[in-house]
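# Geometric and topological summary
Each chain, written out:
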Number of protein chains: 2
Amino acid sequence: MLAQYQQQTECLVALDSIIFGFDGLELKLLLVNRGVEVDKQTWSLMGGWLTPTESLAQAADRILYELTGLRDIYLEQLHTFGEPLRDPVQRTVSVAYFALVNVQDYEQKISDTFHANWFSLNELPELLFDHRDMVKMAIKSLRYKASQHPIGFELLPQKFTIPQLQKLYEAIFGTTIDKRNFSRKILSTNLLLKLDEKHRGSSKKGAFLYEVNKEKYSQQFNSFMNFMAS
Amino acid sequence: MLAQYQQQTECLVALDSIIFGFDGLELKLLLVNRGVEVDKQTWSLMGGWLTPTESLAQAADRILYELTGLRDIYLEQLHTFGEPLRDPVQRTVSVAYFALVNVQDYEQKISDTFHANWFSLNELPELLFDHRDMVKMAIKSLRYKASQHPIGFELLPQKFTIPQLQKLYEAIFGTTIDKRNFSRKILSTNLLLKLDEKHRGSSKKGAFLYEVNKEKYSQQFNSFMNFMAS
């Protein structure tokens, strides 16, 4: 503000939200077809412009609602992207937000009036501008969080099996994890309560159901598990 | 971009950097006097405007250099602040960056031609706009990092004592830590190598010097220590 006052530049500010969904097996990404204005093959994150009276978070919420009908999703600010030529039409700085949701909870709410679709992370179409960089950074952030916190629990049914939890971690890290190793590590956190019930869907023998020990969970939310590091 | 195209707003984009410094005893914050344009009592983070051809990180680097003469400090993007009325003159979105440096390394480089000064975190003057919120968020981020990673090591001399390291952690967390507890926890990480030398400055008996076990440090950078949680 002291020097080079004359050089300051007016920008548009965009909000782009990366919505990951877990469907029980894999991680998906919610994209919207922006065919109308750009070209029909280009998909986009949940993006739009900041308007004069909104805060950044309010704008991100509104844009997600306008594009998908989804409301009340906690969007976390990820990073702001500002390469000079990221938008070839006009200098635009984009504030990226992200969230991780359960696909089943939201599938029906995304009505057909919207042009939004879930894509497998392994089969993403071409994305607008630097949206692929945004997705990469969001995955990195998700993995970092998942290595420390039991973030995944919120994406599973209230009662779940260890194999279901393992599927979620495998989806987040895009890898397979040794079954016994995973089971040993997750149980050593003492964050799970073993129930007297079994889930019969997956095998004849069935798998024991667990639920989160909520008291310990909140006590230990700042105590890091670090599954993946060793 | 689909709806409400007409409502998009042109903003100025500011960069504001929060530079923390450790002087061996306490954490300080680098502020600059913006008296020329606002009022003489108001201090500011290292702030300025984005210009047309810069990326956000380039602009933050340039602004820090222009205001302090400091170069080659790794600035990490913290958060973007965009409340509609945060700057009363014009709608401005500010991308905040932060860094933690050793005060001794930089004191002499901040020449008298600049109006920058180090302030104790406990005695901050009135700050411009929402800069106090930015500082609060940066402290939170610093504490979170310090609870997981040995980030502090880079702020100490190559050989240091456990009490010196403890001072740094106490400065970051703004608290006193039990001496034996700290010593036990930090040694249990196996990240320190005990040397055969003693530092005689602090007491007659002296305190053993340690250095970072660099091999283990890089191996374990993703393994979290979590001093403060328990």
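Residues numbered from 1 in each chain as written. Chains lettered and ligands numbered in written order. Predicted model: local features only at pLDDT ≥ 70, side-chain atom pairs only at ≥ 80, totals over all residues. Heavy atoms only, no water.

This paragraph deals with the layout of surface pockets. All names here are of chain A. Estimated volume of the second largest pocket: approximately 470 Å³. Ile162, Pro163, Lys179, Gly206 and Ala207 are, among the 17 residues lining the second largest pocket, the residues nearest its centre. Of all the elements in the fold, those that place two or more residues in the lining of the second largest pocket are helix H4 (162-173), helix H5 (179-188) and strand E10 (207-212). The dominant element in the lining of the second largest pocket, judged by the number of residues it contributes, is H4, at five residues. (1 Å grid on protein atoms, 1.4 Å probe; cavity = no way out; pocket = protein on both sides within 12 Å on 5 of 7 lines; lining within 4 Å. Points joined across faces, edges and corners; volume = space filled by probe spheres on them. Helix = DSSP H or I, 4+ residues; strand = E, 2+ residues; numbered from the N terminus.)

Strand pairing in a sheet relies on backbone hydrogen bonds, with the paired strands running either antiparallel or parallel. Residues and elements named next belong to chain A. Reading across the sheet, the three strands line up as E8-E10-E9 and stay open at both edges, with antiparallel pairing between neighbours. Pairing within the sheet leaves two strands with one partner each, and these edge strands are strand E8 (160-161) and strand E9 (192-199). Bridge count for E8 against E10 is two bridges, and the pairing is antiparallel. By the bridge assignment for E10, Thr161 is matched with Leu209. (Pairing = 2+ DSSP bridges.)

Residues and elements named next belong to chain A. Tracing the backbone shows Leu78 in strand E5 (residues 76-81). The sequence separation of Leu78 and Gln7 amounts to 71 residues, and the corresponding C-alpha distance is 28 Å. Those residues in contact with Leu78 that lie beyond four places of it in its chain are Ile18, Ala96, Tyr97, Phe98, Met134, Met137, Ala138 and Ser141. (Contact = heavy atoms within 4.5 Å.)

A few words on the pattern of salt bridges. Close approach of charged atoms allows side chains with opposite charge to pair. Under the defined criterion, the tally for this structure stands at 10 salt bridges over all chains. For Arg62 of chain A, the salt bridge identified is with Glu54 of chain A, shortest N-O distance 2.5 Å. Both residues of the pair, Arg62 of chain A and Glu54 of chain A, belong to the buried class. Linking Glu66 of chain B and Arg62 of chain B is a salt bridge whose minimum nitrogen-to-oxygen distance equals 3.3 Å. With a gap of four residues between them, Glu66 of chain B and Arg62 of chain B both fall in helix H1 (residues 56-68), about one helical turn apart. Judged by relative accessible area, Glu66 of chain B falls into the partly exposed class, the value being 30%. Here the salt bridges do not stand alone but share partners, grouping Glu54, Arg62 and Glu66 of chain A into one network. (Salt bridge = Lys/Arg side-chain N within 4 Å of Asp/Glu carboxyl O. Buried < 20%, exposed > 50% of the residue type's maximum accessible area, 1.4 Å probe, protein only.)

Residues and elements named next belong to chain A. Of the positions making up H5, those classed as buried are Phe182, Lys185 and Ile186. End-on, the buried residues of H5 take up no more than an arc of 95°, which puts them together on one face. When the buried face of H5 is taken as reference, the exposed residues oriented beyond 90 degrees from it are Arg180, Arg184 and Ser188. Regarding H5, its N-cap is Asp178, as a side-chain oxygen of that residue lies 3.4 Å from the backbone nitrogen of Arg180 further along. Positive backbone phi, approximately 60°, marks Asn190, located one or two places after H5. (Arc of directions from axis to C-beta. Polar contact = N/O pair within 3.5 Å; in protein donor to acceptor, adjacent residues only side chain to side chain.)

Often the size quoted for an interface is simply the accessible area lost on bringing the parts together. Residues and elements named next belong to chain A. The domain architecture assigned to chain A consists of domain 1 (2-148) and domain 2 (150-220). Facing the 14 residues of domain 1 at the interface are 11 residues of domain 2. Carbon and sulfur atoms make up 74% of the area that domain 1 and domain 2 hide from each other, which totals about 1100 Å². Ranking the residues of domain 1 by area buried against domain 2 places Phe22, Arg143 and Ala146 at the top, with a combined share of 47%. At the boundary of domain 1 with domain 2, the tally comes to zero salt bridges. Broken down by secondary-structure element, the contributors of at least two residues to the side of domain 1 that touches domain 2 are strand E6 (92-102) and helix H3 (131-146). Ranked by residue count, the leading element in the side of domain 1 that touches domain 2 is H3, at four residues. Considered class by class, the residues forming the side of domain 1 that touches domain 2 number seven nonpolar, four polar and three charged. (Domains from an automatic or database assignment. Buried area = accessible area lost by both parts, 1.4 Å probe. Nonpolar A, V, L, I, M, F, W, Y, C, P; charged D, E, K, R; others polar.)

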